[in-house]
Amino acid sequence: MRAAQLKSVLPRELLASVVVFLVALPLCMGIAIASGLPPAKGLITGIIGGLVVGWLAGSPLQVSGPAAGLAVLVFELVRLHGVAMLGPVLLLAGLLQWLAGRLRLGCWFRVTAPAVVYGMLAGIGVLIVLSQVHVLVDAAPQASGLDNLAGFPAALSRALDGLGWQAGLLGLATIAVMWGWDKWRPRALRFVPGALLGVGLATLASLLLALPVNRVEVPASMAEAIDWLRPGDLLHLADPALLVAAVALAFIASAETLLSAAAVDRMHNGQRSDFDRELSAQGTGNMLCGLLGALPMTGVIVRSSANVQAGARTRYSTIFHGLWLLGFVLLLSSVLQRIPVASLAGVLVYTGFKLVDLKAFRGLGRYGRMPMFTYAVTALAIVFSDLLTGVLVGFALTLLKLAFQAARLKISLVDLPQAGQMELRLVGTATFLKVPALSQVLATVPAGTTLHVPLSHLGYIDHACLELLEEWERASAAKGSRLVIESRGLKRRLEGRLSGVGGMGVAVRE
């Protein structure tokens, strides 16, 4: 961009970057806590997302940083394998993303069925709520969603008997402020994020009342928050469980990023997203996060939409927001240390509820009951098992639906005006799944019949069905029956297979 052009857009980009920074600050810390890691880890990821990915991004108005959608996966990874393994897994996941972008596979990451994606986010939202209600009362979350649900009454009882209820009031106040701000926000102050307002008021109240609640722990120097990747840790990637975690992280992060980029494109009329470049940029960012031991990142819709709504037109807003995060951490870390952890938990509880998008669930009803069923089952499978299992269940249901649709075939036997001639009418897709039904119909054809089989109404017929017709021809020839396949609609696609059928003594007409 020329100097004159940069000068003209700089004030607008700076204003937008401040708005994004104010939205990102509490989310970066809250998501880190939800992932079972120190808040500084989330801030490092936010800084890399702004300064590095913001510069390289294929979606210039999209903002990258730690995402609530990956918090559950990271929490489980750290619980099972330790913090040291996050770096190697994230390095491999980033490498997979980078390679996918370089191989121009960006479009394929968007093939994921919307019902699976929305169900995944809903399941993640439920898990975040179930874990963060414990943090809301200054208690530690449990290992799984069901454990968190079962253990909450005991945690609440301990909070009422002790001082945890004070933290709970701060968290609930944060949620109330965010909800009220979203509902009644003055138009003149529409750029002020509700999360920042809620956390700011809760922090101020906790300081004025000198409440004894858990507060954010931020190291005096950011260098203390960096856990450099040790080369020896890479050897642990031979563990199949870690390889699966890296692939799952790469896929989920890529899907969320590219869906977010597509949503951002619908919000403005400027430069369209280059999905392959965006994927490579995300891979680079995640590899850096892996080297530094930070949280994984994705393109995130909340910060991206705030960026667009604040008037951003170039990637400079995203880059500047990374600078503000870096400057705040370096110069004002003492301010962060006064924030109640329960208030950040309130932000995550509110975010978790919004991930359970009932509007999207109802919208899926326009496409039938199966997408709604897939959404619900995916979400429940994530809550009752784990993230990867839930996503795989969602994919399995999608493939089952495709297989069911591919197996649709209407079979009818029609008498023709000419004596001794009938037509086997096939409409749809003739695959091996329909061989039993087709066999039953063929068994009802009277002896001595010339059976015409037009293929013009078929989208596809496989070898199993053609072979069945051949077998019927051979078995019925002695009874005076004859088979005539009329291949007008499928001649080119079936040329090789039909020539084989013709060689078996079956008449083939064009």
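What you see is a predicted model, and the numbers here were worked out from it, not measured in a lab. (Residues numbered from 1 in each chain as written. Predicted model: local features only at pLDDT ≥ 70, side-chain atom pairs only at ≥ 80, totals over all residues. Heavy atoms only, no water.)

1. Details of the overall build of the protein
Formally: Secondary structure is summarised from DSSP: a helix means a run of H or I of at least four residues, a strand means a run of E of at least two, and numbering begins at the N terminus for each. Atoms considered for the radius of gyration are the C-alpha atoms alone. The globule rule reads 2.2 Å times the number of residues to the power 0.38. In this description, contact between two residues means that some pair of their heavy atoms is separated by no more than 4.5 Å. Surface accessibility follows the Shrake-Rupley procedure with a 1.4 Å probe radius. Residue values consider only the protein chains on display as shielding.
For the protein, the helix and strand inventory stands at 20 helices and eight strands. For 510 residues, the compact-globule estimate of 2.2 N^0.38 gives 24 Å, and the C-alpha radius of gyration of the protein, at 30 Å, exceeds that figure by more than 25%. Here the analysis covers contacts within the protein between residues at least 6 apart in sequence; of these, 79% occur between residues at least 24 apart. Total accessible area on the protein stands at roughly 23,400 Å², and carbon and sulfur atoms take up 65% of it.

2. Remarks on the UniProt feature "domain: MlaB-like STAS" (unreviewed entry) in the protein
Using the following cut-off: UniProt positions are given in the numbering used here, feature names are shortened, and annotations may be inferred rather than shown by experiment.
Mapped onto the present numbering, the UniProt feature "domain: MlaB-like STAS" (unreviewed entry) falls on residues 424-486. The distance separating the terminal C-alpha atoms of residues 424-486 is 11 Å; by composition the span is 37% helix and 33% strand.

3. Describing unusual backbone geometry
Our working definition: Here's how the labels work: a residue is buried when its accessible area is under 20% of the maximum for its type, exposed when over 50%, partly exposed in between, all with a 1.4 Å probe on protein chains only.
Unlike most non-glycine residues, Arg104 shows phi in positive territory, near 60°. Along the chain, the position of Arg104 falls in the loop between α4 (86-102) and α5 (114-136). Exposure remark for Arg104: the relative accessible area of 58% places this residue in the exposed category.

4. A closer look at the packing of aromatic side chains
Rules: Note on aromatic pairs: the rings of Phe, Tyr and Trp (six-membered ring only in Trp) are paired at centre separations within 6.5 Å, and the planes decide the class, stacked below 30 degrees, edge-to-face beyond 60, tilted for the rest.
The final tally for this structure, using the stated rule, is five aromatic pairs. Note on Phe21 and Phe328: the rings are 5.8 Å apart at their centroids and 55° apart in plane angle, and the pair reads as tilted. Residue Phe21 is found in helix α1 (residues 3-34), and its partner Phe328 is found in helix α12 (residues 316-331); the two are separated by 307 residues along the sequence.

5. Observations concerning the nonpolar core
Convention followed: Definition used in this section: a nonpolar core is a set of buried Ala, Val, Leu, Ile, Met, Phe, Trp, Tyr and Cys residues joined via side-chain atoms within 4.5 Å.
The biggest cluster of nonpolar side chains holds 82 residues, and the ones touching the most others in it are Leu25, Met29, Leu43, Val89, Met120, Leu336 and Leu387. Here this core takes 11 residues from α1, the largest share from any one element. Non-local contacts of Met29, meaning those with residues more than four positions away in its chain, are made with Pro39, Leu43, Val216, Leu336, Ile339 and Leu344. Leu451, Leu468, Leu469 and Ile485 belong to the second largest nonpolar core, which has 21 residues in total.

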